[in-house]
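One-letter residues, chain by chain:
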Amino acid sequence: MKQVTVPQVILTSFHHAKRMQGDKFSICRFQPTGFALPELRFFAAEDANGQKLRIKDVGGVEKFEQLYREALASRWKEVSDWLDWLRRTSSPVLLLCWCPFSEETKASVKTDGTFLCHSGLIGKLINRHCPETRLMLDEERARQLDVRWRPESYEVVNVHGEVELQQSLF
């Protein structure tokens, strides 16, 4: 009998990824010094024209989300091909972002106790288009990612990529 592998994706920061195992990919416009990972540029926080998206520059959270959704739609062939690849892979996949260690997100956590990160929107996309995927968030995302951008279904992993808690569905 053929063993079926369930795809696994961990949404985390470059900071934590050093201690985690799996295939690591940058989902940012650029990587921190010392990193030279494969890039999934189609997931970068850029609009459909490749211009940098920042919440404060585009007029707020809802506008950012709309522009990011439009950007992913404009790059849907690449996104769809990646989702197909994800369904076939057997290694854990780590999608890496600066958050919550960028200056902007550190300030947001300090003032609001939460942060917004486009990795959460990618998690929502994975929940919707690849529901069989075992999606995992690092502890910061599980605790402090703004609920508007937090995926609905996920598990929590520690800084070593080990599952800590099962997310309650009720």
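See the structure above.
What you see as residue numbers is a count from 1 along each chain, following the sequence as written. Per-residue local features are limited, in this predicted model, to residues with pLDDT of at least 70; the limit for side-chain atom pairs, both in listing and counting, is 80 or more; totals at the level of whole chains, interfaces and linings are taken over all residues. As a rule here, side-chain values come from all non-hydrogen atoms in the structure, and water together with hydrogens is ignored.

Q: For this particular structure, what's the right way to read the layout of surface pockets?
A: A probe as big as a water molecule, rolled over the atoms, marks out the empty space that is left. Quantified by volume, the largest pocket comes out at close to 600 Å³. With a 1 Å grid spanning the protein atoms alone, the term cavity applies to any set of points in which a 1.4 Å probe fits but cannot get out, the term pocket to an open set with protein on both sides within 12 Å along at least five of seven lines, and the term lining residue to any residue with an atom within 4 Å of a point. If you trace the largest pocket, you find 27 residues lining it, with Cys99, Ser102, Glu104, Thr105 and Leu116 closest to the centre. Starting at the N terminus, helices and strands are each numbered in turn, a helix being any DSSP run of H or I of at least four residues and a strand any DSSP run of E of at least two. Among the elements of the structure, α2 (55-58) and α5 (103-112) are those that each provide at least two residues to the lining of the largest pocket. Looking at which element gives the most residues to the lining of the largest pocket, the answer is α5, with four residues. Grid points are joined across faces, edges and corners, and a volume is the space filled by probe spheres set on the points.

Q: Help me out: how do you make sense of the side chain of Gln144 in this one?
A: Within the secondary structure, Gln144 sits in helix α7 (residues 139-144). Only protein chains enter the accessibility calculation, which uses a 1.4 Å probe; a residue whose area is less than 20% of its type maximum is buried, one above 50% is exposed, and one in between is partly exposed. Note on Gln144: relative accessible area 18%, which makes it buried. Any pair of residues with heavy atoms lying within 4.5 Å of one another is described as a contacting pair. Not counting residues up to four positions away in its chain, the partners in contact with Gln144 are Val109, Gly113, Thr114, Phe115 and Arg150.

Q: Looking at this structure, I do not really get the packing of aromatic side chains. What am I missing?
A: Note on aromatic pairs: each is described by the distance of the centres and the angle between the planes. Classification of ring pairs rests on two measures: the distance between centres of Phe, Tyr or Trp rings, Trp counted by its six-membered ring, which must be within 6.5 Å, and the angle between planes, read as stacked under 30 degrees, edge-to-face over 60 and tilted in between. Taken as a whole and assessed by the stated rule, the structure comprises nine aromatic pairs. Centroid distance Phe43 to Trp82: 5.3 Å. Interplanar angle 85 degrees. Geometry classified as edge-to-face. On the criterion of sequence distance, the pair formed by Phe43 in the loop between β2 (23-26) and α2 and Trp82 in helix α4 (residues 76-88) is long-range, its members being 39 residues apart. The buried category is assigned to Phe43, whose relative accessible area is 0%. The class for Trp82 is buried, based on a relative accessible area of 6%. Here the aromatic cluster, defined as three or more aromatic residues joined through ring pairs, consists of Phe25, Phe42, Phe43, Trp82 and Trp85.

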